[in-house]
Amino acid sequence: MTTNPPTHTAAPATAGTVSTAAGSARPSARLVDQLRAAARLPRPLLLTGGTFLLLISGGLIAATRAALTPDPRHAVPVSGDALRSGKTFHALEAHLDANLPGRDALIATANTARYLTVRGGTDEVRLGRDGWLFLTSEFAAHPQAQRRLTARADLTAQLSRNLAARGVTLLVAVSPNKSRVQAAQLPGGALPGWVDARQYETYQAMLRARGVATADLVTPMLAVAAKTAQYYRTDTHWNQDGARTAAQATAQAVRTVAADLPVSTFTTTHAPETARPGDLLNLMGLQHVPDALRPHADREATETTLGSGAGGLLGAAPQVMLAGSSYGLRGNYAGALQEALGSAVLNVSREGADFSGSLRPALSDPAFLDSPPRVLIWEIPQRFLPLPLAGEDQRPFDVP
């Protein structure tokens with residue numbers, strides 16, 4: 001007896017079809033599950049992941065476009081010798097650096113991703129509490145600090161004696177480290193143990209022991225810092241409040257050596273408040289990044305002080321000169337000094353002056369030689385004191 005085949009032979013095929021459809025659906029389902037799981041990740045991780053994807057994609061596109069951009073000034077050799085010697089890759093690097101579209105944006109994206117991922121700074125910037133930034137060099141150990149401070153104090157004393165012979169009183173005003181004045185904003189709330197917290201006072205004592213007049217800026221700034229910040233959060237320099245504190249202390253020291261300066265009147269005006277991204281944000285490569293993705297920029301109503309009357313800038317020559325660093329150009333320090341002193345000040349401070357970068361050219365200026373001031377204020381950032389002396393600072397100042 002012959003058994004007829006089952007009449008539902010189509011059933012396996014149908015089952016197979018269903019099975020194939022399910023097999024293709026599973027990966028899609030898994031992808032959906034993975035996307036849903038990713039969507040539940042913390043927002044910083046999502047931002048970081050998205051930033052990295054954007055960075056990689058944008059970088060590849062930009063690098064391809066840059067590599068294909070003709071540039072005779074940055075030609076890329078492709079010979080066998082050039083490839084073997086590495087000249088091709090060095091030239092390609094220079095070519096990409098010169099022609100990469102959106103280079104600054106890509107760098108900003110990478111820096112933002114680093115900040116969002118690890119909340120870290122750079123080799124030059126250390127993060128403090130509540131968005132405060134500090135210059136890493138202020139935390140460096142200097143085994144030769146005492147010897148260098150002594151050498152600078154000897155150099156300064158010699159200058160002070162030479163100037164005194166010309167009727168000029170030298171007054172040294174050291175601008176204290178931000179990390180000292182705003183130590184409460186450091187991660188541990190205090191300077192690390194290896195940092196000499198009394199270095200400022202040590203140098204002041206060295207100068208006084210050698211007969212050099214000084215202005216103590218750190219004591220009043222420390223007294224005020226607990227209630228009013230004396231430095232910008234995102235900048236290495238003092239803010240307008242700190243500059244005013246320093247100016248008042250400087251003016252007090254000036255009066256002890258020159259009490260009868262010509263009197264002038266001054267007026268200080270305030271511009272509308274605006275954002276002021278500091279130089280430490282620049283060092284982190286975040287100067288063009290929105291505040292939501294970086295430590296918030298400082299805000300400031302910029303002050304400007306102008307003088308008038310006898311002995312003012314349009315009258316007799318000022319009898320006080322300020323030769324300082326970038327601190328002498330920030331926070332309206334020079335303006336606040338004039339207002340606190342009630343007398344005009346000639347400001348010859350320079351950006352990047354470091355230790356003596358503004359003083360040496362001032363001493364050789366014909367105007368200084370023809371009509372020297374009664375008081376020469378030399379403002380020096382503390383962080384340069386323990387560094388090796390530059391070549392020009394290893395010889396005495398030339399005072400004609």
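These numbers were taken from a predicted model, which means no experiment stands behind them. (Residues numbered from 1 in each chain as written. Predicted model: local features only at pLDDT ≥ 70, side-chain atom pairs only at ≥ 80, totals over all residues. Heavy atoms only, no water.)

S.K.: Outline the packing of aromatic side chains, supporting the account with residue identities and numerical values.
M.R.: With the rule as written, the count across this model stands at six aromatic pairs. Ring centres 4.9 Å apart and planes at 40° place the aromatic pair Trp-238 and Tyr-333 in the tilted group. With Trp-238 in the loop between α9 (218-225) and α10 (240-257) and Tyr-333 in helix α12 (residues 333-341), this pair connects stretches of sequence that are 95 residues apart. Taken individually, Trp-238 and Tyr-333 each receive the classification buried, so the pair is uniform in this respect. Between Trp-378 and Phe-397, the ring centres sit 5.5 Å apart and the planes meet at 85°, which makes this aromatic pair edge-to-face. (Phe/Tyr/Trp six-rings, centres within 6.5 Å; stacked < 30°, edge-to-face > 60°. Helix = DSSP H or I, 4+ residues; strand = E, 2+ residues; numbered from the N terminus. Buried < 20%, exposed > 50% of the residue type's maximum accessible area, 1.4 Å probe, protein only.)

S.K.: An account of α12 is needed here, citing residue identities and associated values.
M.R.: For α12, the buried fraction is high: seven of the nine residues fall into the buried class. All buried positions along α12 are accounted for by Tyr-333, Ala-334, Gly-335, Ala-336, Leu-337, Gln-338 and Leu-341.

S.K.: Tell me about unusual backbone geometry, residues and numbers included.
M.R.: A positive phi angle, close to 50°, is found at Asp-130, a residue other than glycine. Summarising the element assignment, Asp-130 is placed in the loop between β1 (125-127) and β2 (133-135).

S.K.: Just give me the short version of the confidence of the model for the protein chain, but keep the residues and values in it.
M.R.: Here the protein chain shows a mean pLDDT of 85. Residues at 70 or above account for 83%. Confidence over residues 1-24 falls short of pLDDT 50; this stretch has zero contacts with residues more than four positions distant or in other chains. Within the model, the stretch residues 310-314 combines pLDDT values under 50 with 12 contacts to residues more than four positions away or in other chains. (pLDDT = per-residue confidence, 0-100. Contact = heavy atoms within 4.5 Å.)

S.K.: Account for the packing of α10 against α12, naming residues and giving values.
M.R.: Across the interface, α10 lies against α12 with an axial gap of 8 Å and an inter-helix angle of 45°. Taken together, the axes of α10 and α12 lie oblique to each other. Of the two elements, α10 crosses α12, and the hand of that crossing is right-handed. Counting all contacts with α10, which are made through Ala-243, Arg-244, Ala-246, Ala-247, Gln-248, Thr-250, Ala-251, Val-254 and Arg-255, the residues of α12 involved are Tyr-333, Ala-336, Leu-337, Ala-340 and Leu-341. Looking at the contact of α10 with α12 residue by residue, the classes come out as 10 nonpolar, two polar and two charged. (Axes fitted to C-alpha atoms, helices over the stretch in contact; angles between N-to-C directions. Parallel < 35°, antiparallel > 145°, perpendicular 65-115°, else oblique. Left-handed = near helix turned anticlockwise from the far one by under 90°. Nonpolar A, V, L, I, M, F, W, Y, C, P; charged D, E, K, R; others polar.)

S.K.: Please provide a residue-by-residue account of the side chain of Ser-179, values included.
M.R.: Here Ser-179 lies in helix α7 (residues 178-181). Its relative accessible area of 1% is what places Ser-179 among the buried residues. Residue contacts for Ser-179: discarding those within four places in its chain leaves Phe-134, Glu-138, Phe-139, Leu-186 and Leu-191.

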